[in-house]
Amino acid sequence: MAYLISDMRKLLRKNWLFQAVVLVMLVIMIADPISAYFMNVQYIDGDSDMSLNAFQYWFFLNTSGWGIMIYNVLVFVIPVLAAGMLFVGEDRGSALTLLIIRKGRGSYYLAKAAAVGLVTFVIFALLFLLNIAVTYLVFPADAPLTEQYFYRVPKETMFCYSLYCLNPVYEALLYAFLNALKLALYALFVLGVQEIARPKSTLAALLLPYAVLRLGSYAANLLLRGHMDINITIVTQPMAASALTAAISAQDVLLAFGSLALVSAALLAVGYWRGREIL
């Protein structure tokens with residue numbers, strides 16, 4: 001546990017690039033719904049099909065907002081910065097050997113993975129929850145329901161429909177959880193690539209896993225063109241639940257996340273195996 005806490009502190013205190021991207025996301029989570037309100041309120045009148053209902057404007061459902069556009073650019077950058085130089089920085093000198101001697105190879109690598117996964121998941125889950133809270137504070141939850149609103153309602157065959165029926169906020173909370181989990185698994189993927197490649201320069205430590213993650217995502221999209229219901233990019237996008245004709249079940253979501261988790265775990269396992277060369 002002490003090793004885990006130590007690694008989490010390193011990620012939070014010494015990873016200034018990650019701190020910067022978290023700050024950017026914090027501003028987006030607050031400013032995006034506020035700006036959306038002032039941009040749309042002027043067009044609301046008795047004959048308008050637009051609505052100011054809060055459900056339409058939380059982060060992942062407001063696909064025309066400037067915030068989600070920036071996030072889509074950062075979605076592969078965030079995991080790279082989350083993993084940061086936690087492993088690579090210690091691999092440059094004698095620190096890695098000394099830490100493994102003191103901790104044991106298993107404890108060392110497990111602490112690294114747990115720290116990266118937990119920090120990424122918790123921080124972004126909190127950011128996404130903050131956006132939902134701000135959105136429902138800014139927009140009225142009881143605004144009239146228009147055609148634009150119902151265009152965003154998930155279809156009855158979708159895994160999130162029952163939560164929407166209980167309360168639309170529950171759907172938003174589910175997607176906040178899923179997207180934070182996706183970023184955490186991406187960060188573990190990046191850590192695995194770093195542990196396998198063991199790049200010596202900061203630039204290579206950031207660019208190499210970014211390129212592998214992008215190429216891996218692109219390859220997965222090509223392979224799953226006929227199976228969008230298990231594509232993690234699709235299942236974490238709430239608009240897909242209202243737009244797709246194919247159903248996305250809870251089993252599909254588990255399969256999509258399970259596949260990503262399995263790939264990330266495999267990379268970490270290879271990185272652990274590669275670490276046997278250290279001692």
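What counts as what
Residues numbered from 1 in each chain as written. Predicted model: local features only at pLDDT ≥ 70, side-chain atom pairs only at ≥ 80, totals over all residues. Heavy atoms only, no water. Helix = DSSP H or I, 4+ residues; strand = E, 2+ residues; numbered from the N terminus. Contact = heavy atoms within 4.5 Å. Areas by Shrake-Rupley, 256 points an atom, 1.4 Å probe, with all protein chains shown as cover. Salt bridge = Lys/Arg side-chain N within 4 Å of Asp/Glu carboxyl O. Buried < 20%, exposed > 50% of the residue type's maximum accessible area, 1.4 Å probe, protein only. Core = buried A, V, L, I, M, F, W, Y, C linked by side-chain atoms within 4.5 Å. Disulfide = S-S within 2.5 Å. Expected span 1.5 Å × (residues − 1). Polar contact = N/O pair within 3.5 Å; in protein donor to acceptor, adjacent residues only side chain to side chain. Axes fitted to C-alpha atoms, helices over the stretch in contact; angles between N-to-C directions. Parallel < 35°, antiparallel > 145°, perpendicular 65-115°, else oblique. Left-handed = near helix turned anticlockwise from the far one by under 90°. Nonpolar A, V, L, I, M, F, W, Y, C, P; charged D, E, K, R; others polar.

1. A closer look at the overall build of the protein chain
Step number 1: When helices and strands are counted, the protein chain shows 14 helices and 0 strands.
Step number 2: Of the regular secondary structure in the protein chain, the N- to C-terminal order runs α-α-α-α-α-α-α-α-α-α-α-α-α-α.
Step number 3: A fraction of 78% describes how many contacts in the protein chain between residues 6 or more apart in sequence connect residues 24 or more apart.
Step number 4: Looking at the protein chain as shown, the accessible area adds up to about 13300 Å², and 69% of this sits on carbon and sulfur atoms.

2. Overview of the pattern of salt bridges
Any two side chains of opposite charge can pair, given that their charged atoms come close.
Step number 1: Evaluation of the coordinates by the stated rule reveals 2 salt bridges.
Step number 2: Residue Lys10 is joined to Asp7 by a salt bridge in which the shortest nitrogen-to-oxygen separation is 3.8 Å. Within this pair, Lys10 and its partner Asp7 are both found in helix 1 (residues 2–14), separated by 3 residues, close to a single helical turn.
Step number 3: On the basis of relative accessibility, which here comes to 22%, the residue Lys10 falls in the partly exposed class.
Step number 4: For Asp7, a relative accessible area of 0% puts it in the buried group.

3. A look at the nonpolar core
Step number 1: In this structure, Phe18, Met25, Tyr71, Phe124 and Phe128 are the most contacted members of the largest nonpolar core, which totals 75 residues.
Step number 2: Among the elements that take part in this core, helix 10 (residues 168–197) stands out by supplying 14 residues, more than any other.
Step number 3: Sequence-distant contacts of Met25, that is, excluding residues within four places in its chain, are made with Tyr71, Leu74, Ile78, Phe124, Leu127 and Phe128.
Step number 4: Membership of the second largest hydrophobic core comes to 5 residues, among which are Ala36, Leu52, Ala54 and Tyr57.

4. Considering the state of the cysteines
Step number 1: The final tally for this structure, using the stated rule, is 0 disulfides.
Step number 2: In this structure Cys160 is not part of a disulfide, and its nearest cysteine sulfur, from Cys165, lies 9.6 Å away.

5. Focus: unusual backbone geometry
Step number 1: Positive phi outside glycine occurs at Arg198, with the angle close to 45°.
Step number 2: As for its position among the elements, Arg198 is in the loop between helix 10 and helix 11 (202–223).
Step number 3: A residue is classified by how much of its surface remains accessible, and Arg198, at 16% relative accessible area, is buried.

6. A short note on helix 10
Step number 1: In this model helix 10 runs 44 Å from its N-terminal to its C-terminal C-alpha over 30 residues, within 8% of the 44 Å that 1.5 Å per residue would give.
Step number 2: In this structure Asn167 caps helix 10, since a side-chain oxygen of it lies 3.0 Å from the backbone nitrogen of Val169.
Step number 3: In the segment just after helix 10, Arg198 is the residue with positive phi, at about 45°.

7. Some details on the packing of helix 10 against helix 14 (residues 250–274)
Step number 1: Between helix 10 and helix 14, whose axes approach to 7 Å, the crossing angle comes to 25°. Comparing their axes, helix 14 and helix 10 come out roughly parallel. For the crossing formed where helix 10 meets helix 14, the hand is left-handed.
Step number 2: Of the residues belonging to the contact of helix 10 with helix 14, the class tally is 19 nonpolar, 3 polar and 3 charged.

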